[in-house]
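# Remarks on the overall topology
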Amino acid sequence: MRVGMGYDVHRLVEGRDLVLGGVNIEYAFGLLGHSDADVLVHAIMDALLGAAALGDIGKHFPDTDERYRGISSIKLLEQVRELLADKLYVIENIDATIIAQKPKMLPYISKMRDNIAKALEIDVDRINVKATTEEGLGFTGEMKGISAQAICALNTITNYQYDDIMAERGCSSCGGCQKQ
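The following refers to the structure shown.

Criteria and thresholds
- Residues numbered from 1 in each chain as written.
- Predicted model: local features only at pLDDT ≥ 70, side-chain atom pairs only at ≥ 80, totals over all residues.
- Heavy atoms only, no water.
- Helix = DSSP H or I, 4+ residues; strand = E, 2+ residues; numbered from the N terminus.
- Expected span 1.5 Å × (residues − 1).
- Buried < 20%, exposed > 50% of the residue type's maximum accessible area, 1.4 Å probe, protein only.
- Arc of directions from axis to C-beta.
- Contact = heavy atoms within 4.5 Å.
- Pairing = 2+ DSSP bridges.
- Right-handed = clockwise from strand over helix to strand, strands pointing away.
- Phe/Tyr/Trp six-rings, centres within 6.5 Å; stacked < 30°, edge-to-face > 60°.

### Notes on helix α3 (residues 73–86)
If you check α3, its first and last C-alpha atoms are 20 Å apart, about what 14 residues at 1.5 Å a residue would give, namely 20 Å. For α3, the full list of buried residues reads Ser73, Ile74, Leu76, Leu77, Val80, Arg81 and Leu84. On an axial view of α3, the arc spanned by its buried residues comes to 155°, and they lie on one face. Residues of α3 that are buried sit in contact with α1 (39–51), β5 (89–99), α4 (106–120) and β7 (145–156).

Now the structure itself:
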């Protein structure tokens, strides 16, 4: 099993849509960035890429590349899914936190989870998204920006195959049994 963590932050500004988890959220401010600045999806992508030792989103989707200007981060997440599939990785789970004083995220979290699951082609029960405030402290508490953190666990197809073989032999997946 491999574990990765991701973090992203963007400044809140007027004149931009607020997009988190692929959901457009009604709010007076949006996040400034080259793409749609979806900090939640960016943190998830960095966690996944990190767990697979594939670098980070800046390596794969640089903000100097005009192909990514204004792009939906969900589309980029689909490309990350393909990178993981090429390396035979399976996503075990993702746990992510949005850090924002406002707006309240609870009404949008279910749709965020659905969007992420669809982009990654995994069951929604492998994805957890939650939100917290910083009680008025720091740049998120002062409503200057929004950040997100994510952690994930990956496994490889070969580990699943090994578990299947051991189960057929009547062994547990611990690998300690030498039963033939």
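So that's the structure; there's more coming.
### Some remarks on the pairing of strand β6 (residues 127–132)
Sheet topology places β5 next to β6; six bridges connect them, and they run parallel. Looking at the pairing, Ile98 lines up with Ala131 of β6. Between the parallel pair β5 and β6, the chain is carried across by α4, and the sense of this crossover is right-handed.

### Digging into the packing of aromatic side chains
Each aromatic ring pair is specified by the distance between its two centres and by the angle formed by the two planes. Overall, the coordinates contain two aromatic pairs when judged by the stated rule. Here the aromatic rings of Phe61 and Tyr68 are separated by 5.4 Å at their centres, their planes lie at 85°, and the arrangement is edge-to-face. Each member of the pair Phe61 and Tyr68 is classed as buried.

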